[in-house]
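A look at the structure
For reference, the chains in residue letters:
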2 protein chains.
Amino acid sequence: MKLSTKGRYGLMAMFQLALEFGDEPISLKYIAEKQGLSENYLEQLFSNLKRDGLIQSVRGAQGGYLLTREPKDITVGQVLRSLEGHLAPAECVQHDIDCSKEDNCATKLVLMKIKDSIDNVIDSITLEDMVVETLKNNSN
Amino acid sequence: MKLSTKGRYGLMAMFQLALEFGDEPISLKYIAEKQGLSENYLEQLFSNLKRDGLIQSVRGAQGGYLLTREPKDITVGQVLRSLEGHLAPAECVQHDIDCSKEDNCATKLVLMKIKDSIDNVIDSITLEDMVVETLKNNSN
DNA sequence: TTATACCCCACTAATATTGTCAACATTCAA
DNA sequence: TTGAATGTTGACAATATTAGTGGGGTATAA
Ligand code: FES
Ligand code: FES
């Protein structure tokens, strides 16, 4: 029941983009150093995020990545789903597969409640929320 | 972000024990057939559940397993934690490790909210709830 | 005494995770 | 114009985890 590094690293990187949100593209190298992550690995994650329209890229020297919209308009859920796929605790919840032989699986009902609860949390937090809360904590 | 088969199968098996809760021990073989699971695999899961005092065993012929208390006094959370360990989306949330170099990791705040939300759901559902809900659905 | 169960441990095949690496395309700035 | 900086893509590999299988025990009811 762990979130993989894809989700965690990707979210950390997106947080950095939100923190320095503006007109200047930010290079992968900078983000990787700032957050202590592998640049090559982040590349893969950013390709997903770009495919899903959360970031845009600027090629060439002084290039880098930018959020496609304001941090307040990007949710943690959008980021995590782009990186991890749907955040369901089992296949049967995500699609409509039956993983058990049971016609009416009791476990599935529980899993669906877990999924709903996770969705509810991640869809209600935006990148801006993360930035605000972090700045608040750091100023203490 | 998937629950492993340990958690799913184990919960299905515990549900079966709850469904047939009484004085008679229920054999692994019966549960395995009923739910379409591997008997040998279930053995491993049951050893965890027993270690954590959720079930007791009766050896010998006509033996099997029994819940140690009523279904209403066993939560899904207790079952899943026995099988999967703590249900945290990352190490740093479970213990007090820092997985990032950041002093004040923004992602960690999000992960903690996810964990709290999951805990909240699984600790509020008992095996009895699962039984009641399933019987209700099946009677339709 | 024998069939039926739980008990325990070792082992493995398949899959997913977590990256690394190399070759290439595009753009900016000197 | 040229080279350095940067994104793009796809292949590859080490490691860890998952999802079991199998076998040799022990206890007990019939
Ligand atoms: S149908 Fe997926 S756990 Fe039951
Ligand atoms: S400290 Fe664990 S994700 Fe940041």
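Note that the structure is predicted; figures quoted are calculated from it, not measured.

Considered for burial, the residues of helix 4 (residues 76-84) of chain B that qualify are Val76, Gly77, Val79, Leu80, Ser82 and Leu83 of chain B. Tucked inside the fold, the buried residues of helix 4 of chain B contact helix 6 (106-122) of chain A together with helix 1 (5-19), helix 3 (39-51), helix 6 (106-122) and helix 7 (127-138) of chain B.

Here we take up the pairing of strand 2 (residues 64-67) of chain B. Residues and elements named next belong to chain B. Sheet topology places strand 1 (residues 55-58) next to strand 2; four bridges connect them, and they run antiparallel. Bridge pairing links Ile55 to Leu67 in strand 2. Linking two consecutive strands that pair antiparallel, namely strand 1 and strand 2, is a turn of five residues; a positive phi of about 85° is found at Gly60 within it.

With 41 residues of chain B at the interface, the matching set in chain A holds 41 residues. Taking both partners together, chain B and chain A bury about 3700 Å²; carbon and sulfur atoms supply 64% of that area. At the surface where chain B touches chain A, the tally comes to two salt bridges. Salt-bridge contacts for Lys113 of chain B lead to Glu133 of chain A; the nearest nitrogen and oxygen are separated by 3.4 Å. Between chain B and chain A we count 11 residue pairs in polar contact (both at pLDDT 80 or more) in total. When contributions to the side of chain B that touches chain A are tallied by element, the ones reaching two or more residues are helix 1, helix 2 (28-35), helix 4, helix 5 (91-94), helix 6 and helix 7 of chain B. At 11 residues, helix 6 of chain B tops the list of elements feeding residues into the side of chain B that touches chain A. A class-by-class count of the residues in the side of chain B that touches chain A yields 21 nonpolar, 11 polar and nine charged.

Residues and elements named next belong to chain A. Applying the stated criterion to the full structure yields four aromatic pairs over all chains. Centroid distance Tyr9 to Tyr41: 6.1 Å. Interplanar angle 85°. Geometry classified as edge-to-face. You can see Tyr9 sitting in helix 1 (residues 5-19) and its partner Tyr41 sitting in helix 3 (residues 39-51), a full 32 residues away along the chain. Relative accessible area serves as the criterion here: at 26%, Tyr41 is assigned to the partly exposed category.

Right, let's get into the protein's contact with DNA strand D. Taken together, 25 residues are adjacent to DNA strand D, and Lys50 and Gly64 of chain A together with Thr5, Ser38 and Gln44 of chain B come closest. In DNA strand D, atoms within 4 Å of the protein come from the sugar-phosphate backbone in 62% of cases. Taking Ser38 of chain B, its side chain carries an N or O atom lying 2.9 Å from a phosphate oxygen of DNA strand D. Separating a base nitrogen of DNA strand D from a side-chain N or O atom of Asn40 of chain B is a distance of 3.5 Å. Of all the elements in the fold, those that place two or more residues in the surface near DNA strand D are helix 3, strand 1 (55-58) and strand 2 (64-67) of chain A together with helix 1 and helix 3 of chain B. The element best represented in the surface near DNA strand D is helix 3 of chain B, accounting for three residues. Of the residues that constitute the surface near DNA strand D, the class distribution is eight nonpolar, 13 polar and four charged.

Here we take up the protein's contact with DNA strand C. Near DNA strand C there are 24 residues, and of these Ser38 and Gln44 of chain A together with Glu43, Lys50 and Ser57 of chain B occur at the shortest range. Between DNA strand C and Arg59 of chain A there is a distance of 3.1 Å, counted from a base nitrogen to a side-chain nitrogen or oxygen. The separation between a base oxygen of DNA strand C and a polar side-chain atom of Arg59 of chain B is 3.5 Å. Counting residues per element, the surface near DNA strand C draws most heavily on helix 3 of chain A, at three residues.

Reading the values: the criteria
- Per-chain numbering applies: the sequence of each chain, read as written, is numbered from 1 onward.
- Each chain is given a letter, starting from A, and each ligand a number, starting from 1, according to the order in which they appear as written.
- The model is predicted, so local features are restricted to residues of pLDDT at least 70 and side-chain atom pairs to those at 80 or more, both for listing and for counting; the totals for chains, interfaces and linings are taken over all residues.
- Think of the side-chain values as coming from all heavy atoms in the structure, minus any hydrogens and water.
- The rule is simple: take the accessible area with a 1.4 Å probe, protein chains only, and divide by the maximum for that residue type; under 20% is buried, over 50% is exposed, in between is partly exposed.
- Numbering of helices and strands runs from the N terminus; a helix is a DSSP stretch of H or I covering at least four residues, while a strand is a stretch of E covering at least two.
- In this description, contact between two residues means that some pair of their heavy atoms is separated by no more than 4.5 Å.
- Two strands qualify as a pair provided that DSSP identifies no fewer than 2 bridges between them.
- By buried area we mean how much accessible surface two parts lose on assembly, using a 1.4 Å probe and totalling the loss over both.
- By definition, a salt bridge exists where a carboxyl oxygen of Asp or Glu is found within 4 Å of a side-chain nitrogen of Lys or Arg.
- Any pair of nitrogen or oxygen atoms within 3.5 Å is treated as a polar contact; in protein, a donor-acceptor pairing is required on top of that, and neighbouring residues in sequence qualify only through side-chain atoms on both sides.
- Ten residues, namely Ala, Val, Leu, Ile, Met, Phe, Trp, Tyr, Cys and Pro, are considered nonpolar, four, namely Asp, Glu, Lys and Arg, are considered charged, and the remaining ones, Gly among them, are considered polar.
- What counts as a ring pair is set by centres within 6.5 Å for rings of Phe, Tyr and Trp (its six-membered ring), and what kind of pair is set by the plane angle: stacked under 30 degrees, edge-to-face over 60, tilted for all other angles.
- The nearness test applies per residue and asks whether one of its heavy atoms lies within 4 Å of the molecule or strand.

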